[in-house]
2 protein chains.
Amino acid sequence: MADENQAERQKRKMQKLKEKVDQHIEACDQEKGVMILLTGDGKGKSSSAFGMVVRSLGYGYKVGVVQFIKGEQLSGEELYLRDHCPQVDFYQMGTGFTWDTQDRDADIAAAQTTWKVVEPMLSDPSYHLVIIDELTYMLSYKYLDESMVTKALSNRPPSQSVVVTGRGGGNSLKDIADTVSEIKDIKHAYQSNIKARKGVDY
Amino acid sequence: MADENQAERQKRKMQKLKEKVDQHIEACDQEKGVMILLTGDGKGKSSSAFGMVVRSLGYGYKVGVVQFIKGEQLSGEELYLRDHCPQVDFYQMGTGFTWDTQDRDADIAAAQTTWKVVEPMLSDPSYHLVIIDELTYMLSYKYLDESMVTKALSNRPPSQSVVVTGRGGGNSLKDIADTVSEIKDIKHAYQSNIKARKGVDY
């Protein structure tokens, strides 16, 4: 009997909550592309962006992916997109990045060349989704002009969604984003001397 | 001249940092599958899990995906996996979930049936990666026994990685996970009355 009452109470509580959420969903009447910023020091930023690529591909939408940092290591997402998704426009910053080269001038040139690939995507309404992976570092290192970047992001076609990833990113990116998630590192396998795992970390 | 000195200092600083990171990477000598918990109230948990699916598929690894919450809405990742990745073992909790039905008994039965799909994956070393999407709610609602779940997760084959998603999740999941990321909602398009976006949010 007590159990039954509890179940009833729980049911009423959940129904109330559901009504509230349904009302809010009803109120969401703006249909447009969104800008999402995935930041913070935890694992999951780039992988989340690639998950959204899968979502868009599920509906047959056109997707562009530009990665601003390319390590020496090949990655699973790179292999997958190249082998199975020729329809995705995929570009990686070609030359070694500062982390390996420590050559600021070469890095700036590479960042700017890569930006020239992103920029036309951000004015092409045929792209439903554009991923700009690790862009934030280009702003923190001042390899790219912040106002140039935020202007291009803000002026993109209204139907286009864009996902920007990377630690930090500064307030101007946060200001123009519709959704900002900060991915906090609570703990990481790396801290227990576990190697980065193929097919999981890269 | 001042600029040159600054560039030199920056270069030395970065080299030192790189040495430190390289040393730590060297120290990471444990090669094994990892358990990752993606929690928190922000956007990006499930999409991150699906990004890791793409990584594993890039290397041709076997992947299992089990989703504990299925809304009425079809999702892009569901469409994509069904149409393009028949090699992925993909299962969704079949009956409506509590959110729509408010029927606790039916929910418990559905959760337990779904667990019966996950369990064999967690003892099968042929799976390189297993995604258990939205599992945490099954624990918070006490639809599944926590110690049964953590035991199966802990006893999985050493080569297998597993990703668990969902808000909350409790300390015992956190304790056994190698990596825990908490995805914080800094802001969400939803709060500005922007509709969930096809190919991005679902």
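This structure is a prediction, so every number in the text was calculated from the model and none was measured.

## Notes on the relation of the copies chain B and chain A
The two chain copies are connected by a rotation around an axis plus a translation along it. Of the two same-sequence chains, chain B is brought onto chain A (RMSD 0.0 Å, axial shift 0.0 Å) by a rotation of 180°. Those values place the two copies in the arrangement expected of a two-fold rotation axis. Taking C-alpha positions as reference, the residue of chain B nearest the rotation axis is S48 of chain B, located at 1.7 Å. Residue by residue, 100% of the interface of chain B is reproduced at the interface of chain A, so both copies engage with the same surface.

## Describing unusual backbone geometry
All names here are of chain B. Even without being glycine, E134 reaches a positive phi, approximately 65°. Of note, E134 is situated in the loop between strand 4 (129-133) and helix 6 (135-140). Relative accessible area serves as the criterion here: at 18%, E134 is assigned to the buried category. One non-glycine residue, N193, adopts positive backbone phi at about 60°. When you line up the elements, N193 lands in the segment after strand 6 (179-187).

## Focus on the domain arrangement of chain A
With domains assigned, chain A is organised as domain 1 (1-30) and domain 2 (33-192). Placing a centre on the C-alpha atoms of domain 1 of chain A and another on those of domain 2 of chain A gives a separation of 38 Å.

## Some words on the interface of chain B and chain A
Counting residues at the interface gives 76 residues for chain B and 76 residues for chain A. In total, about 7300 Å² of surface goes out of reach between chain B and chain A, with carbon and sulfur atoms giving 59% of it. Along the contact surface separating chain B from chain A lie four salt bridges. When the shortest N-O distance is used, the salt bridge between E31 of chain B and K195 of chain A registers 3.4 Å. One can count 47 residue pairs in polar contact (both at pLDDT 80 or more) joining chain B with chain A. Looking at the side of chain B that touches chain A, the elements that each hand over two or more residues are helix 1 (2-27), strand 1 (35-39), helix 2 (45-58), helix 3 (76-84), helix 4 (98-101), helix 8 (170-176) and strand 6 of chain B. Counting residues per element, the side of chain B that touches chain A draws most heavily on helix 2 of chain B, which supplies 11 residues. A per-class count over the side of chain B that touches chain A returns 31 nonpolar, 25 polar and 20 charged. In the sheet, strand 6 (residues 179-187) of chain A pairs with strand 6 of chain B via seven bridges, with the strands oriented antiparallel. Bridging across to strand 6 of chain B, E182 of chain A finds its partner in K184 of chain B.

## Regarding empty space enclosed by the protein
Under the criterion given, the structure shown has one cavity of 30 Å³ or more. Size it by volume and the largest cavity reaches roughly 30 Å³. Lining of the largest cavity is provided by F50, V53, V54, L57, Y80, L81 and C85 of chain A together with V54 and Y80 of chain B. It is helix 2 (residues 45-58) of chain A that contributes the most residues to the lining of the largest cavity, four residues altogether.

## Describing the packing of aromatic side chains
Evaluated as defined, the whole model comprises six aromatic pairs over all chains. Centre to centre, the rings of Y59 of chain A and Y61 of chain A are 6.0 Å apart; their planes meet at 40°, and the pair counts as tilted. For Y59 of chain A, a relative accessible area of 21% puts it in the partly exposed group. For Y61 of chain A, a relative accessible area of 25% gives the class partly exposed. Through a chain of ring-to-ring contacts, three or more aromatic side chains come together here, namely Y59 and Y61 of chain A together with Y202 of chain B. K62 of chain A extends its terminal NZ or CZ atom over the ring of Y127 of chain A, reaching a point 4.4 Å from the ring centre.

## Some remarks on the sheet that holds strand 5 (residues 161-165) of chain B
Taken together, 12 strands build an open sheet; the order of strands is 3(A)-2(A)-4(A)-5(A)-1(A)-6(A)-6(B)-1(B)-5(B)-4(B)-2(B)-3(B) and the sheet is mixed. The open sheet terminates on both sides in strands that have one partner only, identified here as strand 3 (89-92) of chain A together with strand 3 (89-92) of chain B. Averaged over all pairs of adjacent strands, the angle between their axes in this sheet comes to 10°, without regard to strand direction. In terms of strand pairing, strand 2 (residues 63-67) of chain A meets strand 4 (residues 129-133) of chain A through five bridges, oriented parallel. Of the residues in strand 4 of chain A, the one forming a bridge with G64 of chain A is V130 of chain A. Lying over the sheet, helix 3 (residues 76-84) of chain A contacts strand 2 and strand 3 of chain A, oriented at roughly 140° with respect to strand 3 of chain A.

Cut-offs applied
Residues numbered from 1 in each chain as written. Chains lettered and ligands numbered in written order. Predicted model: local features only at pLDDT ≥ 70, side-chain atom pairs only at ≥ 80, totals over all residues. Heavy atoms only, no water. Least-squares fit on C-alpha atoms with pLDDT ≥ 70 in both. Contact = heavy atoms within 4.5 Å. Helix = DSSP H or I, 4+ residues; strand = E, 2+ residues; numbered from the N terminus. Buried < 20%, exposed > 50% of the residue type's maximum accessible area, 1.4 Å probe, protein only. Domains from an automatic or database assignment. Buried area = accessible area lost by both parts, 1.4 Å probe. Salt bridge = Lys/Arg side-chain N within 4 Å of Asp/Glu carboxyl O. Polar contact = N/O pair within 3.5 Å; in protein donor to acceptor, adjacent residues only side chain to side chain. Nonpolar A, V, L, I, M, F, W, Y, C, P; charged D, E, K, R; others polar. Pairing = 2+ DSSP bridges. 1 Å grid on protein atoms, 1.4 Å probe; cavity = no way out; pocket = protein on both sides within 12 Å on 5 of 7 lines; lining within 4 Å. Points joined across faces, edges and corners; volume = space filled by probe spheres on them. Phe/Tyr/Trp six-rings, centres within 6.5 Å; stacked < 30°, edge-to-face > 60°. Lys NZ or Arg CZ within 6 Å of the ring centre and 35° of its normal. Axes fitted to C-alpha atoms, helices over the stretch in contact; angles between N-to-C directions.

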